[in-house]
Amino acid sequence: MMNRRVSLHFGRLLMGVVVFCVATCVFAAAGGSTGSGSMPSVSSPQYDPAEEYDIGVAALEAGDFKEAESAFRKVIKAAPKNAESHYMLGLARLGRENLRGARDAFRTALKRKPRMIQARAHLGATLARMGDKEEAQSELDVLLARQTACAEKCRDVDILSQAIEIIQTAMTADGAEAYNPVRAFPLISGELGDGAYLSAIGLINEARYVEAIETLQDAELAFGPHPDVLTYLGFAYRKLRQYERAEAYYHAALAIAPEHRGATEYLGELRVEQGDLSAADRLLTRLESLCTFGCAEADELRRWIEAARS
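Residues numbered from 1 in each chain as written. Predicted model: local features only at pLDDT ≥ 70, side-chain atom pairs only at ≥ 80, totals over all residues. Heavy atoms only, no water.

1. So, the pattern of salt bridges
Going by this rule: Here, a salt bridge means any side-chain nitrogen of Lys or Arg that lies within 4 Å of a carboxyl oxygen of Asp or Glu. Whether a residue is buried, partly exposed or exposed follows from its accessible area with a 1.4 Å probe, protein chains only, as a fraction of its type maximum: under 20%, in between, or over 50%, in that order.
This model, assessed by the stated rule, comprises 21 salt bridges. Of the charged contacts in the structure, one is a salt bridge between Asp 156 and Arg 155, with a shortest N-O distance of 4.0 Å. Judged by relative accessible area, Arg 155 falls into the partly exposed class, the value being 44%. Here Arg 238 and Glu 269 are joined by a salt bridge, their closest N and O atoms 2.8 Å apart.

This is how it looks when you write it as structure tokens:
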């Protein structure tokens, strides 16, 4: 656990010189403001799910699967719809040789995020180890179809090949014995997670929202249900006019960080875009109660509401 903590702190020091510009500039171009303005690995201490997720990842790396399962169960209690946490719970259960529990966790992860390649690979391999070769083949077929559609041009080409190999190997007579679920896919470090977060902000500045979402999902795998990452995902989906998904991410952020100013502001802007100015007014009142001496988030939402009324 200590190594991961030092790693995250080191990442914060390396990026300290650029955080201010990124956090303050991004949403001037994108039509909003900065939310909490902090890197995911430097979140406020009130965000317990991120802490537990970090503990769980460190425990996985150390081979302490009981501790990892306990941590991820706590995260899921706070954020039950977070696919990444269910995926990590599946890894912890595999480490404890709880194949049925792992299978169920991976299935839940895929229910929340059907295109999660790692979860499908581990589900297929787990089914193979349980002797359910027909179901394992079904999971393999899904990945093979995606690989064909990818045609070596999409960003997932390498991970798809790796996922297919994992299931195919687990389906062989002795492949299941060599299968190491925790090492099958490298766990994303804090530095890489911070890098993905920064890259996503740059992509949002360039209005490349689909790519931003893909990159934010890498950050989400590193940090779990972090309110900053969830808020930016909501923002990107909103810019793509996928309002239902955007709202779900905003609510997920506020469920674990009720005073998150960025999520509150962007949910208010979403209400303006939907024509529900009464709801936007209520969210502005909420922001004003959070910002006793005023804040950019309240000012921006107020501007949106006034512009809509005029």
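2. Describing unusual backbone geometry
Our working rule: Secondary structure elements are taken from DSSP: a helix is a run of H or I of four residues or more, a strand is a run of E of two residues or more, and numbering for both begins at the N terminus.
Of note, Glu 97 is a non-glycine position whose phi angle comes to about 60°, a positive value. The topology assignment puts Glu 97 in the loop between helix H4 (83-95) and helix H5 (99-112). Positive phi values are uncommon outside glycine, yet Arg 241 reaches one of about 65°. Counting through the fold element by element, Arg 241 comes out in the loop between helix H13 (227-239) and helix H14 (243-256).

3. Observations concerning the side chain of Glu 220
Going by this rule: Contacts: residue pairs with any heavy atoms within 4.5 Å of one another.
One can find Glu 220 in helix H12 (residues 209-223). For Glu 220, a relative accessible area of 2% translates into the label buried. Dropping the residues within four chain positions of it, Glu 220 is found in contact with Tyr 53, Asn 82, Glu 84, Lys 113, Val 229, Leu 230, Leu 233 and Tyr 249.

4. What to know about the packing of helix H11 (residues 190-205) against H13
Just so we agree on the cut-off: Axis lines are fitted to C-alpha atoms, over the contacting stretch for helices. Their N-to-C directions set the angle, which ranges from 0 to 180 degrees. Oblique is the label for any angle not under 35 degrees, not over 145, and not in the 65 to 115 range, which are roughly parallel, roughly antiparallel and roughly perpendicular in turn. Handedness of each helix crossing follows the sense of rotation of the near helix against the far helix: counterclockwise by less than a right angle gives left-handed, clockwise gives right-handed. Three classes are used, and their members are as follows: Ala, Val, Leu, Ile, Met, Phe, Trp, Tyr, Cys and Pro are nonpolar, Asp, Glu, Lys and Arg are charged, and the others, Gly among them, are polar.
Close contact between H11 and H13 brings their axes to 11 Å; oriented N to C, the two are set at 25°. As the angle between them shows, H11 and H13 are arranged roughly parallel. In this structure, H11 meets H13 at a crossing whose hand is left-handed. In this structure, H11 uses Tyr 197, Ile 201 and Ile 204 to contact H13, whose residues at the interface are Asp 228, Val 229, Tyr 232 and Phe 235. Split by residue class, the contact of H11 with H13 holds 6 nonpolar, no polar and 1 charged.

5. Details of the packing of aromatic side chains
Applicable threshold: When the centres of two rings from Phe, Tyr and Trp lie within 6.5 Å, Trp using its six-membered ring, the rings pair. Their planes under 30 degrees apart give stacked, over 60 give edge-to-face, and anything left gives tilted.
Summed over all chains, the structure comprises 6 aromatic pairs. Considering the side-chain rings of Tyr 87 and Phe 106, the 6.0 Å spacing of their centres and the 45° angle between planes classify their relative orientation as tilted. In this pair, Tyr 87 is assigned in helix H4 and Phe 106 in helix H5, connecting sequence segments 19 residues apart. Accessibility expressed as a relative area gives 0% for Phe 106, which makes it buried. Through successive ring pairs, a cluster of aromatic residues spans Phe 235, Tyr 250 and Tyr 266.

6. Concerning the nonpolar core
Our working rule: Only buried residues count toward a nonpolar core. Its members are Ala, Val, Leu, Ile, Met, Phe, Trp, Tyr and Cys residues joined through side-chain atoms within 4.5 Å.
If you look at the biggest cluster of nonpolar residues, it comprises 43 residues, and the most contacted ones within it are Tyr 197, Leu 216 and Tyr 250. Those elements that place two or more of their residues in this core are H11, H12, H13, H14, helix H15 (261-273), helix H16 (277-290) and helix H17 (296-309). Setting aside its immediate chain neighbours within four residues, Leu 216 contacts Tyr 197, Ala 200, Val 229, Tyr 232 and Leu 233. Counting residues in each nonpolar core, the second largest holds 42 residues, with Val 57, Phe 72, Ala 83 and Met 116 among its members.

Note that every value here comes from positions in space, so none of it alone points to a role or purpose.
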